[in-house]
Number of protein chains: 2
Amino acid sequence: MRYAVLGTGIVGRTIAAKLASLGHEVVVGTRDPQSTLARTHPDSMGNPPFSTWHADHPGVALETFAEAAAFGEAVVNTTAGVAALDALQAAGGANLAGKVLIDVANPLDFSAGMPPILNPVNTDSLGEQIQRAFPGAKVVKTLNTMNCFVMVDPGRVAGAHNVFVSGADSGAKKQVTELLVSFGWSEQNVIDLGGIDTARGTEMLLPIWLRLMGTLGHADFNFHIQGAR
Amino acid sequence: MRYAVLGTGIVGRTIAAKLASLGHEVVVGTRDPQSTLARTHPDSMGNPPFSTWHADHPGVALETFAEAAAFGEAVVNTTAGVAALDALQAAGGANLAGKVLIDVANPLDFSAGMPPILNPVNTDSLGEQIQRAFPGAKVVKTLNTMNCFVMVDPGRVAGAHNVFVSGADSGAKKQVTELLVSFGWSEQNVIDLGGIDTARGTEMLLPIWLRLMGTLGHADFNFHIQGAR
């Protein structure tokens, strides 16, 4: 299948590489491909520049948001949460219409320093904002409650643990669940929370997730709903 | 030990009964004991009136917030989140000073209907509000991330699952952890998140908790941080 992965950060790279390893055709989308490829320094989190990753993944093309979204039969949003709506506007509603739009982003706002706050929060969510802005897309919020390495390799965390899906379209959630299974998730560990408004619940896991990462000193953990079945 | 349990709802009753069963002296605090005892109808959640519970627990006294807090060597806040600061003001800062104040409440605001929102949220928490309002109390936020029957009987949920503690005073957290162990919690399943500001993280678990209860159709579940150790 053809996937567009919007965003060139560590989350986008990790998901793009996993999709390509599974035999999918993958185009990564960015605002300005030339500018993205011209960066030679690690990002603020210490990740190597995109060009380094790209050299190791020559089968994955880098194009504009719009070109990538036009290419993809499904689109994965891995952009920074505060930039997601702008990135998706650049991708273009027509290029998203009718497609499954997998939203992995969290609306983390670092403008007031650490720890980040959520914006929006509580009475809205990024998942809902995206669905409202692109009513023709079938938005499924998922994978946003864990480190990206766990997203594509759940076996990194020993024992059972969960991934949540939120969205209005049950066919889209079924398709996303099949993708999650291909990533290594057991279908019984996928919890369908209901509509896209339930993204409020999963996005609001980030504050404790960030504090747990600080307490535990690593990111190889995940939420398990004990007693769910 | 002498415990004050502030609040006469199902959470307060469940914790008061557990404490009494463990041999502690327990006084439940309410705004107006006569009024609380005079109620003869179930509450809005269908729980029987307090008097019914009280008849089954004659060893637990019902007094005013202030009388209960004065009696307790430690105080447990189980009042409704939106009423908690008022209830604690009625209890009186002098009756809380120097004591461990276990805050089990969540700031769930039902004023805009269901599902409730959190107020405060994100940039503040009820735990922090209480600590600021009563700087002499040693506030420990805990147990607020699960159903009250699980709080006092963690074995209701099969397998390992976690309870969080947040607070500035490590001695108070140690004392609360010992109480949790007496409730049936394994010490290794108690996760110390750090200061009281980390209550933001645990309070923000409520939105997904409420949606999980809806999805699962029961409340006998709990969060387990898989990979924490």
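Residues numbered from 1 in each chain as written. Chains lettered and ligands numbered in written order. Predicted model: local features only at pLDDT ≥ 70, side-chain atom pairs only at ≥ 80, totals over all residues. Heavy atoms only, no water.

Caption draft 1: Quick look at the overall build of chain A. Secondary structure summary: chain A contains eleven helices and eleven strands in total. For 229 residues, the compact-globule estimate of 2.2 N^0.38 gives 17 Å, and the C-alpha radius of gyration of chain A, at 16 Å, lies within 12% of that figure. Taking the principal axes of the C-alpha coordinates as reference, chain A spans close to 50 × 40 × 35 Å. Here chain A holds 229 residues, and 55% of them are scored as buried. If you take every contact in chain A between residues at least 6 apart in sequence, the share linking residues at least 24 apart comes to 73%. In chain A, the 15 positive side-chain charges and the 20 negative ones have mean positions that sit 2 Å from each other. (Helix = DSSP H or I, 4+ residues; strand = E, 2+ residues; numbered from the N terminus. Rg over C-alpha atoms; globule rule 2.2 N^0.38 Å. Buried < 20%, exposed > 50% of the residue type's maximum accessible area, 1.4 Å probe, protein only. Contact = heavy atoms within 4.5 Å. Lys, Arg positive; Asp, Glu negative; His and termini not counted. Charge placed at Lys NZ, Arg CZ, Asp CG, Glu CD.)

Caption draft 2: Geometry of the interface of chain B and chain A. Each side of the interface is counted separately: chain B has 37 residues, and chain A has 37 residues. Surface buried jointly by chain B and chain A totals about 2800 Å² across both partners, of which 65% is contributed by carbon and sulfur atoms. By the criterion of area lost to chain A, the three top residues of chain B are Ile208, Arg211 and Gln226 of chain B, representing 22% of everything that side buries. Summed over the shared surface of chain B and chain A, the result is zero salt bridges. Among the secondary structure elements, those contributing two or more residues to the side of chain B that touches chain A are β7 (117–118), β10 (190–194), α10 (199–203), α11 (206–216) and β11 (222–226) of chain B. Taken together, the five bridges between strand β11 (residues 222–226) of chain A and β11 of chain B define a ladder with antiparallel strand orientation. (Buried area = accessible area lost by both parts, 1.4 Å probe. Salt bridge = Lys/Arg side-chain N within 4 Å of Asp/Glu carboxyl O. Pairing = 2+ DSSP bridges.)

Caption draft 3: Structural view of the sheet that holds strand β8 (residues 138–142) of chain B. Residue and element names in this part refer to chain B. The mixed open sheet is built from eight strands, whose spatial order is β3-β2-β1-β4-β5-β8-β9-β10. Unpaired on one side and paired on the other, β3 (61–64) and β10 mark the two borders of the sheet. Strand-to-strand, the axes of this sheet are offset by a mean angle of 25 degrees, without reference to chain direction. Across four bridges, strand β9 (residues 163–166) lies against β10 in parallel orientation. Bridged to Phe164 within β10 is Ile191. (Axes fitted to C-alpha atoms, helices over the stretch in contact; angles between N-to-C directions.)

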